[in-house]
Amino acid sequence: MSINGFLKTRYVKLLSMLVFLVMLTAAMGCSNSLSNNNVSDNPINTAIIGLSGNPGTLFGNGCSDSVIQVNTGIVENGTPIEFEITFSASLPPALRGCLFDASPVVFDEIAFVNYLAGILIGIDQTATVNISATINPPEGDTESDFITITLQGVGIVPPENQDLTVPSFDSEALDVFLTLAFTTVGIKPGTEVEVSLSNPGLGFFTGGMDGMVFPVVSGSEEAGEFFVQYNAFRGAGGTQVITARIILEIPPELAAICPIPAEDDLTVEVSFSITQSVEEMEMPMPMPTPEPTPMP
């Protein structure tokens, strides 16, 4: 073989090896790419989405709401946008809340949707709900992002269990009554509460009827309160169980478009007991018997 032939053969082999190495490097690079992350084939026309919630934390009472704003970039006016509640780790779909009054299209790179809080009963509990926004630019790829809204649990805090001593039937002591203070967390002021007692034979509520009274929550959503007055009957001993119940309500104007959970899922209920005992009557001291007068 001539020197020129040998060099030409070496050159071809070297070139083939370089081509192989370049192809192998490219293949390895593709294997580590984000091929499943919807990376745009046309980055110049890719939309940019940012979501913010005001507020980002709500009470899970079915009536608080948040305004979610979407800020976009590289999106023409009139571009369609869709919103969806996509996920919650601890709440079933019927308790995740509802979206309403959503912008159908992007205008001036902004869109909005309102979120009605889901249901979460239990003070100190928390849950999260993911809400997504998806846009379809006419000359670009579909893009989406989501925001996480936090729900705080709601509930009622009852008075502690109490012991109560009542006078006997024949006593001249004054009647006994208790002012019972309940506090609430996450309940809208103005909400009506049903308070009932288990044994009407032991006492009654001032202003009540058939063993029930309906006070209204006052104060604030973060720290509410309501009061009832319990009157104990004289001479009546036993255990009185008092129960306070609130049924959360979806706003009537949204009931037609939002899922209505079962009543059991909407019920906030607590109970406590009053143990009544009848005071013992003091026995009167017997009159001393006069001694007979001795005969003279």
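Residues numbered from 1 in each chain as written. Predicted model: local features only at pLDDT ≥ 70, side-chain atom pairs only at ≥ 80, totals over all residues. Heavy atoms only, no water.

S.K.: Please set out the overall build of the protein chain residue by residue, giving values where relevant.
M.R.: Across its full length, the protein chain carries 2 helices and 18 strands. Taken across its 296 residues, the protein chain has 36% of its residues classed as buried. Sequence-distant contacts in the protein chain: of pairs separated by 6 or more residues, those separated by 24 or more amount to 73%. (Helix = DSSP H or I, 4+ residues; strand = E, 2+ residues; numbered from the N terminus. Buried < 20%, exposed > 50% of the residue type's maximum accessible area, 1.4 Å probe, protein only. Contact = heavy atoms within 4.5 Å.)

S.K.: Can you break down the sheet that holds strand S4 (residues 81–87) residue by residue, with the values?
M.R.: Strands sit in the order S2-S8-S7-S4 across an open sheet of 4 strands; the sheet is mixed. Taken across any chain shown, the strands that pair with only one partner, and hence form the sheet edges, are strand S2 (57–59) and S4. On average, adjacent strands in this sheet sit at an angle of 30° to one another, irrespective of strand direction. Bridging between strand S7 (residues 126–135) and strand S8 (residues 143–152) involves 10 bridges; their strand directions are antiparallel. Following the sheet pairing, Ile-135 is matched in S8 by Glu-143. (Pairing = 2+ DSSP bridges. Axes fitted to C-alpha atoms, helices over the stretch in contact; angles between N-to-C directions.)

S.K.: Let's hear about the pattern of salt bridges: which residues, and what values?
M.R.: Overall, the coordinates contain 4 salt bridges when judged by the stated rule. Ionic pairing is found between Arg-234 and Asp-175, a salt bridge with its closest N-O pair at 2.9 Å. Highlighted residues: Arg-234 in the loop between strand S16 (224–232) and strand S17 (238–247) and Asp-175 in the loop between strand S10 (162–166) and strand S11 (176–185), separated in sequence by 59 residues. By relative accessible area, Arg-234 is classed as partly exposed at 24%. Relative accessible area serves as the criterion here: at 54%, Asp-175 is assigned to the exposed category. The salt bridge involving Arg-245 is made with Glu-269; its shortest N-O contact spans 2.7 Å. Of this pair, Arg-245 sits in strand S17 while Glu-269 sits in strand S18 (residues 267–278), and the two are 24 residues apart along the sequence. A cluster of three or more residues bridged by salt bridges with shared partners is formed by Glu-194, Arg-245 and Glu-269. (Salt bridge = Lys/Arg side-chain N within 4 Å of Asp/Glu carboxyl O.)

S.K.: So, the sheet that holds strand S1 (residues 48–54): which residues are in play, and what are the values?
M.R.: Backbone-to-backbone hydrogen bonds join strands into a sheet, with any given pair of strands oriented parallel or antiparallel. Spatially, S1-S3-S6-S5 is the arrangement adopted by the 4 strands of the open sheet, whose pairing is antiparallel. Here the strands that pair on one side only, and so sit at the sheet edges, are S1 and strand S5 (98–100). This sheet shows a mean twist of 30° between the axes of neighbouring strands, independent of strand direction. Pairing geometry for strand S3 (residues 65–73) and strand S6 (residues 110–116), over 7 bridges, is antiparallel. Bridge pairing in S6 places Asp-65 opposite Leu-116.

S.K.: So what about the pairing of S3? Which residues, and what values?
M.R.: Both S1 and S3 contribute to a ladder of 7 bridges, which runs antiparallel. Note on S3: the bridge partner recorded for Gly-53 is Ile-68.

S.K.: Explain the pairing of S18 residue by residue, including any values.
M.R.: Here S10 runs beside S18; their pairing, made up of 5 bridges, is parallel. Each bridged residue has a counterpart across the sheet, and for Leu-164 the counterpart in S18 is Gln-276. Pairing of S17 with S18, which is carried by 10 bridges, proceeds in the antiparallel orientation. Within S18, the position partnered with Thr-243 by the bridge is Ser-271.

S.K.: Outline the state of the cysteines, supporting the account with residue identities and numerical values.
M.R.: For the coordinates displayed, the defined rule picks out 1 disulfide. Note that Cys-98 is cross-linked by a disulfide to Cys-258, the S-S spacing being 2.2 Å. Measuring the twist about the S-S bond at about -80°, one finds the Cys-98-Cys-258 disulfide to be left-handed. Of this pair, Cys-98 sits in strand S5 while Cys-258 sits in the loop between S17 and helix H2 (263–266), and the two are 160 residues apart along the sequence. Judged by its relative accessible area of 5%, Cys-98 falls in the buried class. Residue Cys-258 is classed as buried on the basis of its relative accessible area of 6%. (Disulfide = S-S within 2.5 Å.)

S.K.: An account of the nonpolar core is needed here, citing residue identities and associated values.
M.R.: Grouped together as the largest cluster of nonpolar side chains are 56 residues, with contacts concentrated most on Leu-180, Phe-182, Val-195, Tyr-230 and Ile-242. No other element matches the 5 residues that S7 contributes to this core. Once residues within four sequence positions are removed from consideration, Leu-180 is found in contact with Pro-159, Gln-162, Phe-226, Phe-227, Val-228, Tyr-230, Ile-242, Phe-272 and Ile-274. (Core = buried A, V, L, I, M, F, W, Y, C linked by side-chain atoms within 4.5 Å.)

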